[in-house]
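These are the residues of each chain, in order.
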Amino acid sequence: KEGAIAARAKRVEIFLYDFSNVEDSGSVIDKAVELFGGIDYLVLNHAAMVSGSIIKTPRYREHSYIKRIHNINTFSFFQLFIHALPHLEKAGGHIFVTSSMSGEMPLGFGSLYVSSKHAVNGFFYTIQQELLARKSSVGVTIGALGFIQTDDLTALLGEEDIKTFPEFARGDVKECAKGMMDSLITRPRTFTFPNAFNKLQRILWYVNPYYHEMINSQMPAEKTDRMMEDFLVRAKERGFQAGNI
């Protein structure tokens, strides 16, 4: 809040909500409209990050756990859009959907997270088309984000695992945030960041029939299992709960 005020925000209000409770998630929109009189820019940015193999981790196979992850990552995005659309129509507003390259291609040892992002992409790219067909004043940008080097993610991965990502594959968090805010004005249909690396990954996935073999040769199961175990240990040490990172 202090940072936003320092950046010349006229007013900042913060309220907490657990988006695993999808049914009442529209109350977040109602509260924002009550406080500010409307909505100009809706950024869907919350997520439950699930790391690890669904094959190896029994908890990840439980229906209640799968439902919780998709409530947070998928269905709450749908409900927030539905509740916000009338207000955005009045303002000629815009929506930024924080998705991932995982919404376009597989990410080994992340099937729950990846499936939620594929669902988000399918929904909002279709919404783009429907809004255009109706000549709506509301725009939608889908953020195809890759590795964004936030302080938390850096601490969770550790210096050794960070080095497995080449520098041009790591996105600066401030540049990413600027691109997200600029999207309110420029309104691209997709915001790809980091740009060059993610576009390369996209091409490799679509044209290389041996993509799975290529990735598995670089990140064998034993190495990935070790990374995920270290990741979860650090997450616990920092007070994160698995499935809410």
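Not measured: the values here are computed from a predicted model. (Residues numbered from 1 in each chain as written. Predicted model: local features only at pLDDT ≥ 70, side-chain atom pairs only at ≥ 80, totals over all residues. Heavy atoms only, no water.)

A.B. asks: Please clarify how the overall build of the protein should be interpreted in this entry.
C.D. replies: Broken down by element type, the protein carries nine helices and six strands. Rg of the C-alpha trace for the protein: 19 Å, near the compact-globule value of 18 Å for 245 residues, within the 12% margin. Once the C-alpha set of the protein is aligned to its principal axes, its extents read approximately 55 × 40 × 40 Å. A total accessible area of about 13900 Å² is found for the protein, and carbon and sulfur atoms account for 57% of it. The distance from the centre of the 27 positive side-chain charges to the centre of the 27 negative ones in the protein is 4 Å. (Helix = DSSP H or I, 4+ residues; strand = E, 2+ residues; numbered from the N terminus. Rg over C-alpha atoms; globule rule 2.2 N^0.38 Å. Areas by Shrake-Rupley, 256 points an atom, 1.4 Å probe, with all protein chains shown as cover. Lys, Arg positive; Asp, Glu negative; His and termini not counted. Charge placed at Lys NZ, Arg CZ, Asp CG, Glu CD.)

A.B. asks: Whenever I open this one, helix α6 (residues 173-186) confuses me. Can you help?
C.D. replies: Each turn of an α-helix holds 3.6 residues, which means side chains three or four residues apart point in the same direction. Taking 1.5 Å of rise per residue, 14 residues should cover 20 Å, and α6 covers 19 Å from first to last C-alpha, within 8% of that figure. For α6, the side-chain oxygen to backbone nitrogen distance between the N-cap and lysine 174 is 3.1 Å, and the N-cap itself is aspartate 172. Positioned one or two residues after α6, arginine 187 has a phi angle of 55 degrees, which is positive. (Expected span 1.5 Å × (residues − 1). Polar contact = N/O pair within 3.5 Å; in protein donor to acceptor, adjacent residues only side chain to side chain.)

A.B. asks: Looking at this structure, how should I read unusual backbone geometry?
C.D. replies: Backbone geometry follows two general trends: most residues other than glycine have a negative phi, and most peptide bonds adopt the trans configuration. Going from phenylalanine 193 to proline 194, the amide bond is cis rather than trans, its omega being -5 degrees. Along the chain, proline 194 falls in the loop between β6 (190-193) and α7 (195-207). One non-glycine residue, arginine 187, lies in positive phi territory at about 55 degrees. Relative to the helices and strands, arginine 187 is located in the loop between α6 and β6.

A.B. asks: Would you take a moment to explain the pattern of salt bridges for this structure?
C.D. replies: Side-chain pairs of opposite charge can arise where the charged atoms are in close proximity. A complete count under the given rule lists three salt bridges for this structure. Between arginine 11 and glutamate 13 there is a salt bridge, and its shortest N-O distance comes to 3.1 Å. Put simply, aspartate 182 and lysine 178 hold a salt bridge, and the shortest N to O gap is 2.8 Å. Of this pair, aspartate 182 and lysine 178 both sit in helix α6, four residues apart, which is roughly one turn of the helix. Judged by its relative accessible area of 53%, lysine 178 is exposed. (Salt bridge = Lys/Arg side-chain N within 4 Å of Asp/Glu carboxyl O. Buried < 20%, exposed > 50% of the residue type's maximum accessible area, 1.4 Å probe, protein only.)

A.B. asks: So what exactly am I meant to see when it comes to helix α2 (residues 26-36) here?
C.D. replies: What α2 keeps buried is the set Gly26, Val28, Ile29, Ala32 and Val33. Seen from one end, α2 has its buried residues packed into an arc of 155 degrees, which puts them on one side. The inward-facing, buried residues of α2 abut β1 (41-44) and α3 (63-91). Glycine 37 occupies a position one or two residues after α2 and carries a positive phi of about 85 degrees. (Arc of directions from axis to C-beta. Contact = heavy atoms within 4.5 Å.)

A.B. asks: Would you take a moment to explain the sheet that holds strand β2 (residues 94-98) for this structure?
C.D. replies: One key point about sheets: their strands pair by backbone hydrogen bonds, in either a parallel or an antiparallel sense. If you trace the four strands from one edge of the open sheet to the other, you get β1-β2-β3-β6, paired in parallel fashion. The outermost strands of the open sheet, each flanked by one partner alone, are β1 and β6. When strand polarity is set aside, the average angle formed by the axes of neighbouring strands in this sheet is 15 degrees. With four bridges connecting them, β1 and β2 associate as parallel partners. (Pairing = 2+ DSSP bridges. Axes fitted to C-alpha atoms, helices over the stretch in contact; angles between N-to-C directions.)

A.B. asks: Can you help me understand the packing of α2 against α3 in this one?
C.D. replies: Between two packed helices, both the angle of their axes relative to each other and the distance between the axes serve to describe the pair. At their nearest, the axes of α2 and α3 sit 8 Å apart, and the two run at 25 degrees to each other. Relative to α3, the element α2 is oriented roughly parallel. Read as a crossing pair, α2 and α3 show a hand that is right-handed. In this structure, α2 contributes Gly26, Val28, Ile29 and Val33 to the contact, and α3 contributes Leu80, His83, Ala84 and His87. Class assignment for the residues of the contact of α2 with α3 results in five nonpolar, three polar and no charged. (Parallel < 35°, antiparallel > 145°, perpendicular 65-115°, else oblique. Left-handed = near helix turned anticlockwise from the far one by under 90°. Nonpolar A, V, L, I, M, F, W, Y, C, P; charged D, E, K, R; others polar.)

A.B. asks: I tried to follow the environment of threonine 164 on my own but got confused; where do I start?
C.D. replies: Assignment of secondary structure puts threonine 164 in the loop between α5 (151-162) and β5 (170-171). Beyond its immediate chain neighbours, meaning those up to four positions away, threonine 164 contacts Lys223 and Met227.

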